[in-house]
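# Summary of structural features
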Amino acid sequence: MIDIKLFKNIMAEARHNDDLLDSYSPNQFKTKEKLVSMIYNHIDINSNSEIVIFGGWYGSILIPMFKDVKKITLIDKDENVINIARNRLFSHYKNVEFRVQDVFEYNKLNQYRTADLFINTSCEHMTSMKDWPLWEWILSKNNPYFAFTSNNMTDIEGHVNCINSIEEFEKQLPVTSKVLDKNEVTDERGTRFLLVGKI
């Protein structure tokens, strides 16, 4: 069923926010729909699930796709983006917590140890996930799943960690990771690489 309130919020904000419109582009939909399909094929996501989203931007597509889970924690270092998502788009979503933070800050959030799934569709914007400093701390209590995407689009501003193949992407995973599914999505700008698995 269509979330009419969210639709109205998007329309009101998008009138003066091209960045938000970009977050709903056909390429964004194509990749995120594929990733979500891969997630549901391998992971039992239900009303008790907790999800952490790294570098989540506005959460435009992913939050509605997981709106029935117990909790979503979306982290992004862009305060303006987070404020828009929290106050103008998803204020009526009571199961979502928005945090302004650099993912690689050493911040032991409780949500990390209760999360069933970590999603990062912005791996090209940050250091490799294998270098995230809290995996060992999390794994002492929990063994979550992951769903990561990256791409080979080196000409886009902010893309500091692009990769050229799915094999190269796998080498950026935490050492304990087991890949359950992998895929590629190509558009006019390049190729996006998708990995789903268990940490």
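Preceding this paragraph is the structure being described.
These figures come from a predicted structure and were not determined experimentally.

The next subject is the pattern of salt bridges. Enumeration according to the criterion identifies seven salt bridges in this entry. Across the pair Glu97 and Lys71 runs a salt bridge, and its minimum N-O distance is 3.1 Å. Of this pair, Glu97 sits in strand 3 (residues 96-100) while Lys71 sits in strand 2 (residues 71-76), placing them 26 residues apart in sequence. Under the relative-accessibility criterion, Lys71 is labelled partly exposed at 23%. Among the ionic pairs, Lys182 bridges to Glu170, the shortest N-O distance being 3.0 Å. With Lys182 in strand 6 (residues 178-187) and Glu170 in helix 8 (residues 166-170), this pair connects stretches of sequence that are twelve residues apart. According to the relative accessible area criterion, Glu170 is partly exposed, its value standing at 25%. Overlapping salt bridges, with partners in common, bring together Lys71, Glu97 and Arg99 in one network.

Once that is clear, we can look at the sheet that holds strand 7 (residues 190-198). Here we have seven strands laid out as an open sheet, ordered 3-2-1-4-5-7-6, and mixed in their pairing. Edge positions in the open sheet fall to strand 3 and strand 6, since each of these has one partner strand only. For this sheet the average axis-to-axis angle between neighbouring strands, irrespective of direction, equals 15 degrees. Sheet topology note: the strand 2/strand 3 ladder contains five bridges and is parallel. Counterpart to Thr73 in the pairing with strand 3 is Glu97. Against the sheet, helix 5 (residues 79-89) contacts strand 2 and strand 3, and its axis sits at roughly 160 degrees relative to strand 3.

Residues Asp18, Asp19, Asp22, Asp78 and Glu79 make up a contiguous surface patch of negative charge. The element contributing the most residues to the negative patch is helix 2 (residues 18-23), with three residues. With respect to the secondary-structure elements, Asp19 resides in helix 2.

Applying the stated criterion across every chain, the model contains 14 aromatic pairs. Ring geometry for Phe54 against Phe118: centres 5.6 Å apart, planes inclined by 50 degrees, an arrangement best described as tilted. Here Phe118 lies in strand 4 (residues 117-120) and Phe54 lies in strand 1 (residues 50-54), a separation of 64 residues in the sequence. On the basis of relative accessible area, Phe54 is assigned to the buried category, the value being 0%. For Phe118, a relative accessible area of 0% puts it in the buried group. Every member of this aromatic cluster is reached through a ring pair, and the members are Phe54, Tyr112, Phe118, Trp132 and Trp135.

Each value, and the rule that gives it
Residues numbered from 1 in each chain as written. Predicted model: local features only at pLDDT ≥ 70, side-chain atom pairs only at ≥ 80, totals over all residues. Heavy atoms only, no water. Salt bridge = Lys/Arg side-chain N within 4 Å of Asp/Glu carboxyl O. Helix = DSSP H or I, 4+ residues; strand = E, 2+ residues; numbered from the N terminus. Buried < 20%, exposed > 50% of the residue type's maximum accessible area, 1.4 Å probe, protein only. Pairing = 2+ DSSP bridges. Axes fitted to C-alpha atoms, helices over the stretch in contact; angles between N-to-C directions. Contact = heavy atoms within 4.5 Å. Patch = residues over 30% accessible without salt bridge, like charges linked within 9 Å, V, L, I, M, F, W, Y side chains within 5 Å. Areas by Shrake-Rupley, 256 points an atom, 1.4 Å probe, with all protein chains shown as cover. Lys, Arg positive; Asp, Glu negative; His and termini not counted. Charge placed at Lys NZ, Arg CZ, Asp CG, Glu CD. Phe/Tyr/Trp six-rings, centres within 6.5 Å; stacked < 30°, edge-to-face > 60°.

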